[in-house]
Every structure is written in C-alpha cells, then in structure tokens.
Amino acid sequence: MDLRIFTEPQQGATYDTLLSVAKATEDLSFDAFFRSDHYLHMGDVDGLPGPTDAWITLAGLARETKRIRLGTLMTAATFRLPGVLAIEVAQVDQMSGGRVELGLGAGWFDEEHRAYGIPFPKEKFARLEEQLEIVTGLWATEVGKTFSFHGEHYDLTDSPALPKPAQAKLPVLIGGQGATRTPRLAAQYADEFNMPFASIEDSERQFGRVRAAAETAGRAADALTYSNALVACVGKDDQEVAHRAAAIGREVDELKANGLAGTPAEVVDKIGRYAEIGAGRVYLQILDLDDLDHLELISARVQSQLK
C-alpha cells in the first residue's frame, strides 16, 4: 500500500509551507506529494495569504526534491488550454527528472471561476474528454511528426507536439463518482483511478465499474491502479486525535466515519479494509500543514505497518 501526502493549499498556505511539507514527505519515506488545483478557499477559513498555482508550485518542488512523485488531484480542465497544459506538465516532468503525474478533472467550483475571471462552461465533461485526448496525443506523437485535432471545443493544427515529458508514459489520473462516463474515460485514458472521500462500499462499487469498463475497452482491469483520497487525523491516543480534529475544525466521530482518523492501530485497520476492495494507494489529505509531527507519527506508526 502506497501512502501519499495530499494538500489543499487554497485553504491557506505559502510556497514555503508547501516546501516544508514536501521535504517532510520525502524524508519520511512517503511515496508522493500531491496538491489540489484551486484558486479560492472553501468553508470558514480566510485562505490567507492567498492561492498558489499548482503547476508553478510543482515546478519549484521538482527542483527541491529528489525522490517523491509530484502531481495534482485534480487539475481542472477549465483552467488551462490543453496544448498549454501539455507543455507545462511535460516541462515540470523534465525539471523533476521524470517524477510527475497528472490528475485531470472537469472542474466544478464555479465561485473560483467567477472570482478570477475564468470561464465556467456549462458543458464541462465533453471538454475534459477532448483535453485528455489532446494532452495524451501530444505526448505520444513521435518527435518530428505533428499532431492535429479538430473537436467541438478545441482545434489544433500541425502542432509540433513538443516538449516531451521525461517519462516515456507520464501517468494520468482520473477520478470521481460518476457511474457511466467517468469509468469509460478512466478505462480509455487513465493509469490510475482515484475515488475521492468515499466509503469502502461506494469505493468498491465504483472500482467495479471502472474494472468492467476497462475490460470492455480491451484493457486488463488490473492495468489501472485504484486509489482513495481520505482526510487523515491520527493521534497516538484519543486526546491527541481530538486535538488534531479541533485544529482543523472537524469532529472526531465524523472524521472516523468519513476518513482515516483515530489511533495508528485504528487507521491501519481501516486502510486494510480499503486494500481488501482493491485500493493499492491512499492519498492522505493533510489539512494542518504546520503540524509536521502528524506526518512523523503516520510514517512511524501507520506507514511502517503497511510495507
């Protein structure tokens, strides 16, 4: 079971804070550092000092880390033109020596679009599908040849399809709870399917849909990695769990019901139940980015039992 650290910087974080978390992620032997791609805070927080851009952040971290994988859960297709996104991600992959993964989603948070003047189209899923075809098509085009695409939303003519990522196949992540179109897209384009903030039962059901879609598309169901993203709140005892829950404005019982919360033994047990339904990777949503002791505890008392 791979454990990855997943951050939500729009809630309030500087680049230096993210760098500290990424370095701790590497030092404590976690598999990867991922971040959300949002420009506006959510809920009862001020979001100060303001948003950081996902791919600018990852470019910086690419040069300041050596081992961990780096990526997004999820970049919004509404934020960037697909040709530009392909260039950005390929460049960051080159800067990292081939450690980048692209999570790509349709985009959903209309308020952040209004706040920063980003168009928020009514039909988003069709745009996502075209973006996936374009980005992966650009990367797969042989050097010296060109790539063209003529769709309903995007039109590319004789693109040189450069630069290329450092990796021969840069992993693409698709996630979500849609019952039909999401599994189909995952089967066609994804190397990993991620189920965000879902129960074991809902995850098992969606994993089954993706596996069936992969087989229908002529892929082995096990060709994809299946993962979950879950909020983490771990403490050495009940008092520490309660303290960490209060620090992020959440209730312990709610966190235990909907995430990975409790003592290390409780969290190891719950991760094991996700593993039983096919999850091979968990993204630990860390909401208090100043609490590096939290990461140390998870590394020493949870991750060590999952190897």
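As shown above, the structure is provided for reference.
Residues numbered from 1 in each chain as written. Predicted model: local features only at pLDDT ≥ 70, side-chain atom pairs only at ≥ 80, totals over all residues. Heavy atoms only, no water.

1. A few points about empty space enclosed by the protein
A full pass over the atoms with the stated rule returns one cavity of 30 Å³ or more. Counted as a void, the largest cavity has a volume near 60 Å³. Around the largest cavity sit A232, R244, A247, I248, I286, L287, D288, D291 and H294, which together line it. Across the lining of the largest cavity, the residue classes break down as five nonpolar, one polar and three charged. (1 Å grid on protein atoms, 1.4 Å probe; cavity = no way out; pocket = protein on both sides within 12 Å on 5 of 7 lines; lining within 4 Å. Points joined across faces, edges and corners; volume = space filled by probe spheres on them. Nonpolar A, V, L, I, M, F, W, Y, C, P; charged D, E, K, R; others polar.)

2. As for the layout of surface pockets
Here the largest pocket defines a volume of roughly 1,300 Å³. In this structure, the largest pocket is lined by 48 residues; those nearest its centre are E8, H38, W108, F197 and Q285. Grouping the constituent residues of the lining of the largest pocket by class yields 23 nonpolar, 16 polar and nine charged. Estimated volume of the second largest pocket: approximately 160 Å³. Along its surface, the second largest pocket is lined by T136, W139, A140, K164, P165, Q167, A168, K169, L170 and V172. The element contributing the most residues to the lining of the second largest pocket is helix 5 (residues 125-140), with three residues. Along the lines of polarity and charge, the residues of the lining of the second largest pocket split into six nonpolar, two polar and two charged. (Helix = DSSP H or I, 4+ residues; strand = E, 2+ residues; numbered from the N terminus.)

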